[in-house]
Amino acid sequence: MIITPKLSVLVSIVSIYFACISFALEQSYFDKRTSILKHTKVTYRKKPKRSNVPDEYYDKPRPYKHNFKRLINEPDLCSRHERLLLLYIVRSFHTNFGRREILREIFQDIPHDPYSKNIIVRHVFIFGKTKNSTLESLIQNEGNEYRDIIQEDFMESYTNISLKTIMAWKWSVEFCGNADYVMVMNDELFVDQYKLVPYLHYQLLQSTRKDRFVACY
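Computed from a prediction, not measured in an experiment: that's the story for all the values here.

A. Spotlight on the packing of aromatic side chains. In this structure the tally under the stated criterion is three aromatic pairs. Each ring, one from Trp-171 and one from Phe-175, has its centre 5.5 Å from the other, and the planes form 40 degrees; the classification is tilted. Linking Trp-171 with Phe-175, this pair stays in helix H5 (residues 161-175), spanning four residues, or about one helical turn. Look at Trp-171 and you get buried, because its relative accessible area is 2%. Given the relative accessible area of 17%, Phe-175 is considered buried.

So this is what it looks like as structure tokens:
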């Protein structure tokens, strides 16, 4: 095909025309989105009575720093090892001692198969604080015995479960950066390690992903 000067000009005009249409559509879309967002009324959740989150975060939301003091900590839990396959961070309540005992047995039972050889799995249970001195003493003793308790000084309550989640991720980043996977869970969940651990190890061996990411289900 021979392209003449006139045909070249025509092709250029047509290209510019479709480019303008495309740009107009994009502008129309973004203008519409901007208009919708501008007229959308944003309502914020009222602060729970027992929440320690400052009032200003409910009135004018902004990045949350989570600067609560750690009352019980295990800073060397992960650093004793060069690398961990999996770290379980379990949100628990003081009175759920039986659940924690069951989970400890599960977490220690590592499958013995080609995909689970020489892997390391660790766990911690995380808590807020209570006004019950007896429960606080029991948690302190439990931490001294098992070395798997992390506690911060916000009040323990279901309404503060979001603080526990932030606490979990912050602790894992600060003290367990050598874990390939981090799983945050509640203490009523059952984990089948004979399926989960080999699967994660296999996925790790097959993966080409180099960046760190979070998957939520």
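B. Layout of the pattern of salt bridges. Evaluated as defined, the whole model comprises eleven salt bridges. Its salt-bridge partner being Asp-180, residue Arg-83 comes within 2.9 Å of it at the nearest N-O pair. Of the two residues, Arg-83 is situated in the loop between strand E1 (70-72) and strand E2 (84-91) and Asp-180 in strand E5 (residues 179-186); the sequence distance between them amounts to 97 residues. Salt bridges linked by common partners bring Arg-100, Glu-101, Arg-104, Glu-142 and Asp-148 together as one network.

C. Representation of the layout of surface pockets. Estimated volume of the second largest pocket: approximately 230 Å³. Around the second largest pocket, the lining comprises 13 residues; the ones closest to its centre are Leu-77, Gln-108, Arg-122, His-123 and Tyr-146. Put simply, the parts of the chain that give the lining of the second largest pocket at least two residues each are helix H3 (97-108) and strand E3 (121-129). Across the lining of the second largest pocket, the residue classes tally to five nonpolar, three polar and five charged.

D. Structural view of the packing of H3 against helix H4 (residues 133-146). Here H3 crosses H4 at 10 degrees, and the two axes come no closer than 13 Å. With respect to H4, the element H3 is oriented roughly parallel. Residues Phe-97, Arg-100, Glu-101 and Arg-104 of H3 form the contact with H4, whose own contacting residues are Ile-139, Glu-142 and Tyr-146. In terms of residue class, the contact of H3 with H4 is built from three nonpolar, no polar and four charged.

E. The sheet that holds E1, seen in detail. Overall, mixed pairing links the five strands, which are arranged E1-E4-E3-E2-E5 in an open sheet. Both outer strands of the open sheet, E1 and E5, are each paired with one neighbouring strand and no more. Between one strand axis and the next, the sheet turns through 30 degrees on average, direction left out of account. Relative to E3, E2 runs parallel, the two sharing six bridges.

F. Quick peek at unusual backbone geometry. Although it is not a glycine, Arg-147 sits at a positive phi angle of roughly 55 degrees. Locating Arg-147 in the fold gives a position in the loop between H4 and strand E4 (149-155).

G. The arrangement of the state of the cysteines in detail. On inspection of all chains with the given rule, the structure shows one disulfide. The residue that forms a disulfide with Cys-78 is Cys-176, at a sulfur-sulfur distance of 2.0 Å. Taking the sign of the S-S torsion, -90 degrees for the link of Cys-78 and Cys-176, the bridge is left-handed. Of the two residues, Cys-78 sits in the loop between E1 and E2 while Cys-176 sits in the loop between H5 and E5, which places them 98 residues apart along the sequence. By relative accessible area, Cys-78 is classed as buried at 0%.

H. Geometry of the side chain of Arg-91. Assignment of secondary structure puts Arg-91 in strand E2. Despite its burial, Arg-91 pairs with no opposite charge; the closest candidate is Glu-188, at 7.4 Å N-O. A polar side-chain atom of Arg-91 sits 2.6 Å from a polar atom in the side chain of Thr-165.

Calculation rules
Residues numbered from 1 in each chain as written. Predicted model: local features only at pLDDT ≥ 70, side-chain atom pairs only at ≥ 80, totals over all residues. Heavy atoms only, no water. Phe/Tyr/Trp six-rings, centres within 6.5 Å; stacked < 30°, edge-to-face > 60°. Helix = DSSP H or I, 4+ residues; strand = E, 2+ residues; numbered from the N terminus. Buried < 20%, exposed > 50% of the residue type's maximum accessible area, 1.4 Å probe, protein only. Salt bridge = Lys/Arg side-chain N within 4 Å of Asp/Glu carboxyl O. 1 Å grid on protein atoms, 1.4 Å probe; cavity = no way out; pocket = protein on both sides within 12 Å on 5 of 7 lines; lining within 4 Å. Points joined across faces, edges and corners; volume = space filled by probe spheres on them. Nonpolar A, V, L, I, M, F, W, Y, C, P; charged D, E, K, R; others polar. Axes fitted to C-alpha atoms, helices over the stretch in contact; angles between N-to-C directions. Parallel < 35°, antiparallel > 145°, perpendicular 65-115°, else oblique. Contact = heavy atoms within 4.5 Å. Pairing = 2+ DSSP bridges. Disulfide = S-S within 2.5 Å. Lys, Arg positive; Asp, Glu negative; His and termini not counted. Polar contact = N/O pair within 3.5 Å; in protein donor to acceptor, adjacent residues only side chain to side chain.

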